[in-house]
Amino acid sequence: LKEVTARGKYWAERSAQLVPGGAGDGALSVYYAMVEDDPARALAYAQNEVRALPNDANGYNRVGGNLGSFGRIAEAIAAFEHALILDPLNYRVLANRIEPYARLRRLPKFEAAAARSLEFGGKNVNRAEILEDRMLLTGRLPARYIGLPGRPRWNRGVATGAGPAAPWEALHVSKGRE
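All of the points below concern the structure found in this document. Since we're looking at a predicted model, the values are computed, not measured.

This part covers the overall build of the protein chain. In terms of regular secondary structure, the protein chain is built from 10 helices and two strands. In the protein chain, the succession of α and β elements from N to C terminus is α-α-α-α-α-α-α-α-α-β-β-α. For the protein chain, the residues scored as buried account for 37% of the 178 residues in total. By sequence separation, contacts in the protein chain at least 24 residues apart represent 41% of the contacts at least 6 residues apart. Looking at the protein chain as shown, the accessible area adds up to about 10,000 Å², and 55% of this sits on carbon and sulfur atoms.

Turning our attention to the packing of aromatic side chains. Applying the stated criterion to the full structure yields three aromatic pairs. Ring geometry for Y10 against W11: centres 4.9 Å apart, planes inclined by 80 degrees, an arrangement best described as edge-to-face. Judged by relative accessible area, which is 45%, Y10 ranks as partly exposed. Judged by its relative accessible area of 46%, W11 falls in the partly exposed class.

Turning our attention to the side chain of N61. As for its position among the elements, N61 is in helix α4 (residues 57-69). We classify N61 as buried; its relative accessible area is 10%. Here N61 is in contact with F80, A83, R92, V93 and N96, once residues within four sequence places are set aside.

This part covers helix α3 (residues 39-52). For α3, built from 14 residues, the straight-helix expectation of 20 Å at 1.5 Å per residue is met to within 8% by its first-to-last C-alpha distance of 20 Å. Within α3, the full set of buried residues consists of P39, A42, L43, A46, E49 and V50. Down the axis of α3, the buried set is contained in an arc of 120 degrees. They therefore lie on one face. Residues of α3 that are buried make contact with α2 (23-34) and α4.

Before going further, it helps to examine helix α5 (residues 73-86). For α5, spanning 14 residues, the distance from its first C-alpha to its last is 20 Å, which sits close to the expected 20 Å at 1.5 Å a residue. Every buried residue of α5 is listed here: I73, A76, I77, A79, F80, A83 and L84. Projected down its long axis, α5 carries its buried residues within an arc of 160 degrees, all on one side. Along its buried surface, α5 packs onto α4, α6 (91-96) and α7 (98-103).

Moving on to a nonpolar patch on the surface. On the surface, a cluster of nonpolar side chains totalling about 230 Å² of accessible area is made up of V30, M34 and V35. With respect to the secondary-structure elements, M34 resides in helix α2. A relative accessible area of 44% places M34 in the partly exposed class.

Let us now look at the packing of α3 against α4. Relative orientation of the contacting elements α3 and α4 amounts to 155 degrees, with a least axis distance of 8 Å. In terms of orientation, α3 lies roughly antiparallel with respect to α4. The element α3 and its partner α4 pack so that their crossing is left-handed. In this structure, α3 uses P39, A42, L43, A46, Q47, E49 and V50 to contact α4, whose residues at the interface are N58, G59, Y60, R62, V63, N66, L67 and S69. A breakdown of the residues in the contact of α3 with α4 according to their chemical character gives eight nonpolar, five polar and two charged.

Here we come to the side chain of E49. Here E49 lies in helix α3. With relative accessibility at 2%, the residue E49 sits in the buried group. Separated by 2.7 Å, the side chains of E49 and R62 make a polar contact. Residue contacts for E49: discarding those within four places in its chain leaves G22, D25, G26, D56, N58, G59 and R62.

What counts as what
- Residues numbered from 1 in each chain as written.
- Predicted model: local features only at pLDDT ≥ 70, side-chain atom pairs only at ≥ 80, totals over all residues.
- Heavy atoms only, no water.
- Helix = DSSP H or I, 4+ residues; strand = E, 2+ residues; numbered from the N terminus.
- Buried < 20%, exposed > 50% of the residue type's maximum accessible area, 1.4 Å probe, protein only.
- Contact = heavy atoms within 4.5 Å.
- Areas by Shrake-Rupley, 256 points an atom, 1.4 Å probe, with all protein chains shown as cover.
- Phe/Tyr/Trp six-rings, centres within 6.5 Å; stacked < 30°, edge-to-face > 60°.
- Expected span 1.5 Å × (residues − 1).
- Arc of directions from axis to C-beta.
- Patch = residues over 30% accessible without salt bridge, like charges linked within 9 Å, V, L, I, M, F, W, Y side chains within 5 Å.
- Salt bridge = Lys/Arg side-chain N within 4 Å of Asp/Glu carboxyl O.
- Axes fitted to C-alpha atoms, helices over the stretch in contact; angles between N-to-C directions.
- Parallel < 35°, antiparallel > 145°, perpendicular 65-115°, else oblique.
- Left-handed = near helix turned anticlockwise from the far one by under 90°.
- Nonpolar A, V, L, I, M, F, W, Y, C, P; charged D, E, K, R; others polar.
- Polar contact = N/O pair within 3.5 Å; in protein donor to acceptor, adjacent residues only side chain to side chain.

Following this line, the structure appears as structure tokens:
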């Protein structure tokens with residue numbers, strides 16, 4: 001694991017050297033969010049990326065994800081919405097803006113975001129995650145849960161354990177982890 005981590009950091013830093021600002025800072029943002037679990041540094045690099053590439057939706061997506069790590073959910077949604085102005089069909093942004101609406105308990109916005117993600121995300125959409133977030137938001141179980149695997153729970157970009165095998169287990173598994 002140390003070797004993989006070291007190589008990840010090397011390539012993120014190398015990207016930053018080859019493409020100063022912009023995409024290089026985006027690579028460092030991903031590294032610090034996913035490997036080092038350092039959301040403050042990840043956010044700083046994502047904000048640098050946005051300053052360097054203000055018309056790139058991916059930077060705003062990273063800013064939104066990192067703001068969510070600090071509980072700055074309304075700001076995260078604003079970053080995701082700005083990313084969608086730049087790239088309305090970016091499936092990562094469409095997927096990433098679903099959970100913040102659930103965290104703020106905005107059911108109509110959550111449902112609209114989930115529907116748009118499902119419409120344009122195709123096979124890239126984690127339907128189990130949407131069902132879990134809906135169940136946590138509404139307390140209602142879906143009528144059917146066929147063929148949807150469990151998923152890892154993510155906290156600041158780091159897997160915190162196996163996800164629920166079914167949505168009714170989501171509430172029990174998630175308690176104490178958010």
